[in-house]
Amino acid sequence: MLRIIAGKYRHLQIKAPDVDSTRPTTDKVREALMSALSFDIANKDVLDLFAGSGALGLESLSRGATSCVFVDTNLKAYKTIKENIKNIKVSEKTEVYLQDYKTFLNNNKNRKFGLVFLDPPYKEKKIYDEVIDFMFENDMLSENAVIVKECDVHFQEDERFSKYRKYKYGIIHVSVYWR
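Residues numbered from 1 in each chain as written. Predicted model: local features only at pLDDT ≥ 70, side-chain atom pairs only at ≥ 80, totals over all residues. Heavy atoms only, no water.

## A look at the overall build of the chain
Then, in step 1: Counting its secondary structure elements, the chain contains five helices and nine strands.
Then, in step 2: Across the chain, helices and strands are ordered from the amino to the carboxyl terminus as β-β-α-β-α-β-α-β-α-β-α-β-β-β.
Then, in step 3: In terms of overall dimensions, the chain has C-alpha extents of about 40 × 35 × 30 Å along its principal axes.
Then, in step 4: Each of the 179 residues in the chain was classed as buried or not, and the buried ones make up 51%.
Then, in step 5: Put simply, 63% of the contacts in the chain that link residues at least 6 apart link residues at least 24 apart.
Then, in step 6: The chain carries 29 positive and 26 negative side-chain charges, and their two centres are separated by 4 Å. (Helix = DSSP H or I, 4+ residues; strand = E, 2+ residues; numbered from the N terminus. Buried < 20%, exposed > 50% of the residue type's maximum accessible area, 1.4 Å probe, protein only. Contact = heavy atoms within 4.5 Å. Lys, Arg positive; Asp, Glu negative; His and termini not counted. Charge placed at Lys NZ, Arg CZ, Asp CG, Glu CD.)

Right, dumping it as structure tokens:
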């Protein structure tokens, strides 16, 4: 079992889907990441792409995000996210999609997000730039948007962003970009 680390829903437990393709972000990594983002969460519309358990999006809601959209292609992950949302009682602030990322992005070009979590399968490194390029091309990022990439390697700075930080937690590398 995972838990919400801090905020309004602190200590509430959430489930991880029972699938090999999903690796939930550990409590330690989420706690450190959310501390790094502490001033960049409140009042943001969040996109948790490749959501898995939904832990990053739910943690954001606990810390003051306005809303969160969760997207995953795995049916077990989708059902787990829905169950976690129900148990935490945040359904009015959430949307959950059982879709691949391309379908979701193409169907939601008119939306803007202030915080985006990207955690696709690590072997699919091209997806990170593909998603960010698409979001820039379609003006899907709000003025002060933050993008978080979780992977097994660090990514380089991106000139489209004003600030960049990288963090390492064991084998997990997190790259954070501020617009």
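## Side note on the pattern of salt bridges
Then, in step 1: Enumeration over the complete set of coordinates arrives at eight salt bridges.
Then, in step 2: Across the salt bridge formed by Glu130 and Lys102, the nearest N and O atoms sit 3.6 Å from each other. Of this pair, Glu130 sits in helix H5 (residues 126-137) while Lys102 is found in helix H4 (residues 101-107), placing the two residues 28 residues apart along the sequence.
Then, in step 3: You can call Glu130 partly exposed: its relative accessible area is 28%.
Then, in step 4: Taking relative accessible area as the criterion, Lys102 reaches 43% and is therefore assigned partly exposed.
Then, in step 5: What you see here is one network of salt bridges that share partners, running through Asp133, Asp158 and Arg160. (Salt bridge = Lys/Arg side-chain N within 4 Å of Asp/Glu carboxyl O.)

## Let's talk about the packing of aromatic side chains
Ring pairs (aromatic) are described by centroid distance and by the angle formed between their planes.
Then, in step 1: One pass over the structure, following the stated rule, counts six aromatic pairs.
Then, in step 2: Considering the side-chain rings of Phe104 and Phe113, the 6.4 Å spacing of their centres and the 45 degrees angle between planes classify their relative orientation as tilted.
Then, in step 3: The buried category is assigned to Phe113, whose relative accessible area is 1%.
Then, in step 4: A connected cluster of aromatic rings, assembled from ring pairs, spans Phe136, Phe161, Tyr164 and Tyr177.
Then, in step 5: The ring of Trp178 has Lys163 lying over it, and the distance from NZ or CZ to the ring centre is 4.5 Å. (Phe/Tyr/Trp six-rings, centres within 6.5 Å; stacked < 30°, edge-to-face > 60°. Lys NZ or Arg CZ within 6 Å of the ring centre and 35° of its normal.)

The analysis is restricted to geometry; functional conclusions fall outside its scope.
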